[in-house]
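Next come the chains, spelled out residue by residue.
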Amino acid sequence: MDPEAAAVINPHLLAREELLWCGRPHDTTALRWRAGAVVLVGIAALVMRSLPLDSSLAERADLNSILLAVLVCVLIAEAIVFHTYLSNTFYGVTNQRVIIVSGLREPEMVAILLDRLNTPQLRVQKIHRHIELRAPGDHMYQPGYLPFTNPSVQPDWTGRECYRLFALEDARRVCDLIIESAHKLE
């Protein structure tokens, strides 16, 4: 168990609730791809600015480079929000609930009761290094992450209930622990 995650999760435990596992997100390929995209768009903006001024494409390149510079700023801002959410996110699995504590300024706690899992309300699914808890009838495409939002908790305005334990070191073990704990409650 991650001691920092345990320190954040423990105050949210209920009476007779036992913390079985706690952790936090780790570096992912999503972070590396995001950084690579920002660098590529930045390089493209610089290349467009360096085109010769007498070229017929220079005027169009000038406008495109400004648009790319704005896009780079948006991508950098989104990456900062994403990283801030991940660095302030902690997960816990107890004998009664899955707990997600995250937030930009003030951490918010979301608890998913284990007796709701693998029922018509919520299904547990392991996807690569992530664990997803979502309604089983929700077959509509949902992106893994909506920009400028918490990657672990689906925003309320989407109207869908979906939770993610994002970028876990040992997602298989945690998923098995969640399923095993849910079966003990039945």
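Just above, that's the structure.
No experiment lies behind these values; they were computed from the predicted model shown. (Residues numbered from 1 in each chain as written. Predicted model: local features only at pLDDT ≥ 70, side-chain atom pairs only at ≥ 80, totals over all residues. Heavy atoms only, no water.)

**Details of helix α4 (residues 171-185)**
Stage number 1. Between its first and last C-alpha, α4 extends 21 Å over 15 residues, near the 21 Å set by a 1.5 Å rise per residue.
Stage number 2. Every buried residue of α4 is accounted for by Ala171, Val174, Cys175, Leu177, Ile178, Ser181 and Ala182. One face of α4 carries all of its buried residues, which in axial projection span an arc of 160°.
Stage number 3. For α4, the elements touching its buried residues are β1 (19-23), β2 (90-94), β3 (97-102), β5 (123-127), β6 (130-134) and β7 (162-165). (Helix = DSSP H or I, 4+ residues; strand = E, 2+ residues; numbered from the N terminus. Expected span 1.5 Å × (residues − 1). Buried < 20%, exposed > 50% of the residue type's maximum accessible area, 1.4 Å probe, protein only. Arc of directions from axis to C-beta. Contact = heavy atoms within 4.5 Å.)

**Quick word on the pattern of salt bridges**
Stage number 1. Considering all chains together, one arrives at 6 salt bridges under this definition.
Stage number 2. Close ionic contact of Arg172 with Asp176 constitutes a salt bridge, the shortest N to O distance being 3.3 Å. Linking Arg172 with Asp176, this pair stays in helix α4, spanning 4 residues, or about one helical turn.
Stage number 3. Several salt bridges converge on common partners, so that one network encompasses Glu132, Arg134 and Arg164. (Salt bridge = Lys/Arg side-chain N within 4 Å of Asp/Glu carboxyl O.)

**Thoughts on the nonpolar core**
Nonpolar side chains tend toward joint burial in soluble globular proteins.
Stage number 1. Core analysis: the largest hydrophobic core is formed by 26 residues, its most contacted members being Leu117, Ile131, Leu165 and Ile178.
Stage number 2. Looking at this core, the elements that each hand over two or more residues are α3 (58-87), β2, β3, β6, β7 and α4.
Stage number 3. For this core, the element with the highest residue contribution is α4, accounting for 6 residues.
Stage number 4. With sequence-adjacent residues up to four places away left out, Leu165 is seen in contact with Trp21, Tyr91, Val98, Ile100, Arg129, His130, Ile131, Val174 and Ile178.
Stage number 5. Counting 8 residues, the second largest nonpolar core, distinct from the first, contains Ala5, Leu19, Cys22 and Val101. (Core = buried A, V, L, I, M, F, W, Y, C linked by side-chain atoms within 4.5 Å.)

**Topic: the sheet that holds β5**
Stage number 1. The strand order β5-β6-β7 describes an open sheet built from 3 strands, whose pairing is antiparallel. Pairing within the sheet leaves two strands with one partner each, and these edge strands are β5 and β7. Across this sheet, the average inter-strand angle for adjacent strands is 20°, counted without regard to direction.
Stage number 2. In this sheet, β7 lies alongside β6 in antiparallel orientation, the contact comprising 4 bridges. If you follow Ile131 over to β7, its bridge partner there is Leu165.
Stage number 3. Contacts from α4 reach β5, β6 and β7 within the one sheet, and its direction differs from that of β5 by about 170°. (Pairing = 2+ DSSP bridges. Axes fitted to C-alpha atoms, helices over the stretch in contact; angles between N-to-C directions.)

**Details of the side chain of Arg97**
Stage number 1. Relative to the assigned elements, Arg97 resides in strand β3.
Stage number 2. Accessibility expressed as a relative area gives 5% for Arg97, which makes it buried.
Stage number 3. Polar contacts involving the side chain of Arg97 include one to the main-chain carbonyl oxygen of His12, which spans 2.6 Å.
Stage number 4. Here the side chain of Arg97 touches Glu17 through a polar contact of 2.8 Å, side chain to side chain. (Polar contact = N/O pair within 3.5 Å; in protein donor to acceptor, adjacent residues only side chain to side chain.)

**What to know about the packing of aromatic side chains**
Stage number 1. Within this structure, the stated rule accounts for 1 aromatic pair.
Stage number 2. Their ring planes at 85° and their centres at 5.8 Å tell us that Phe82 and Phe166 sit as a pair that is edge-to-face. On the criterion of sequence distance, the pair formed by Phe82 in helix α3 and Phe166 in the loop between β7 and α4 is long-range, its members being 84 residues apart. Here Phe82 and Phe166 have matching classes, each one buried. (Phe/Tyr/Trp six-rings, centres within 6.5 Å; stacked < 30°, edge-to-face > 60°.)

**Details of the sheet that holds β3**
Stage number 1. Across the sheet, which stays open at both edges, the 4 strands sit in the order β1-β2-β3-β4 with antiparallel pairing between neighbours. The outermost strands of the open sheet, each flanked by one partner alone, are β1 and β4 (108-113). Looking at each pair of strands side by side, their axes are set apart by 15° on average, direction ignored.
Stage number 2. Pairing of β2 with β3, which is carried by 4 bridges, proceeds in the antiparallel orientation. When the sheet's bridge partners are listed, Val93 is paired in β3 with Val98.
Stage number 3. Packing of α4 onto the sheet brings it into contact with β1, β2 and β3, and relative to β1 it is tilted by some 150°.

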